[in-house]
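Residue-level listing of the chains:
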Amino acid sequence: MNTDFKIRPYTKKELALAYFPDSSPHSAVNHLMTWIYRCKPLMAQLLATGYEKTSKGFTPRQVRLITEHLGEP
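Just so it is clear, the model here is predicted, and its values are computed rather than measured. (Residues numbered from 1 in each chain as written. Predicted model: local features only at pLDDT ≥ 70, side-chain atom pairs only at ≥ 80, totals over all residues. Heavy atoms only, no water.)

A. Just the overall build of the protein chain, in detail. Assigned secondary structure in the protein chain consists of 4 helices and 2 strands. Listed by position from the N terminus, the elements making up the protein chain come as β-α-α-α-β-α. On C-alpha atoms alone, the protein chain measures out to a radius of gyration of 11 Å, which is about the 11 Å that the 2.2 N^0.38 rule sets for 73 residues. If you line up the protein chain on its principal axes, its C-alpha atoms span 30 × 25 × 20 Å. The proportion of buried residues among the 73 residues of the protein chain is 33%. Long-range contacts, defined here as pairs at least 24 residues apart, represent 53% of the contacts in the protein chain between residues at least 6 apart. When the accessible surface of the protein chain is split by element, carbon and sulfur atoms take 54% of a total near 4,700 Å². Measuring between centres, the 10 positive side-chain charges of the protein chain sit 8 Å from its 6 negative side-chain charges. (Helix = DSSP H or I, 4+ residues; strand = E, 2+ residues; numbered from the N terminus. Rg over C-alpha atoms; globule rule 2.2 N^0.38 Å. Buried < 20%, exposed > 50% of the residue type's maximum accessible area, 1.4 Å probe, protein only. Contact = heavy atoms within 4.5 Å. Areas by Shrake-Rupley, 256 points an atom, 1.4 Å probe, with all protein chains shown as cover. Lys, Arg positive; Asp, Glu negative; His and termini not counted. Charge placed at Lys NZ, Arg CZ, Asp CG, Glu CD.)

Here it is as structure tokens:
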């Protein structure tokens, strides 16, 4: 676990690369979004915060939800 991880706004690419540092940015985003879409409770909570598929990033609240469900990168 990365003890330096901070809850703050992240672009999808930035957060995805935190989870998948050895992947290309495109692959990292695809992997992260697959994890998120497969976690139905997480996806429901993200949608309740105003998340949309076309969003380019995540708010601090959304990042907190993601880390609660998927763990910290």
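B. Looking closely at the side chain of Thr67. Structurally, Thr67 is set in helix H4 (residues 60–70). Thr67 sits in the buried class, given a relative accessible area of 12%. Separated by 3.0 Å, the side chain of Thr67 and the backbone oxygen of Arg64 make a polar contact. With sequence-adjacent residues up to four places away left out, Thr67 is seen in contact with Phe5, Ile7, Tyr19 and Glu72. (Polar contact = N/O pair within 3.5 Å; in protein donor to acceptor, adjacent residues only side chain to side chain.)

C. Here's a closer look at the packing of helix H3 (residues 40–48) against H4. At a closest axis distance of 10 Å, the pairing of H3 and H4 adopts a crossing angle of 170°. Between H3 and H4, the crossing angle belongs to the class labelled roughly antiparallel. Here H3 contributes Pro41, Leu42, Gln45 and Leu46 to the contact with H4, which in turn contributes Gln62, Leu65, Ile66, His69 and Leu70. Of the residues in the contact of H3 with H4, the class split is 6 nonpolar, 3 polar and no charged. (Axes fitted to C-alpha atoms, helices over the stretch in contact; angles between N-to-C directions. Parallel < 35°, antiparallel > 145°, perpendicular 65-115°, else oblique. Nonpolar A, V, L, I, M, F, W, Y, C, P; charged D, E, K, R; others polar.)

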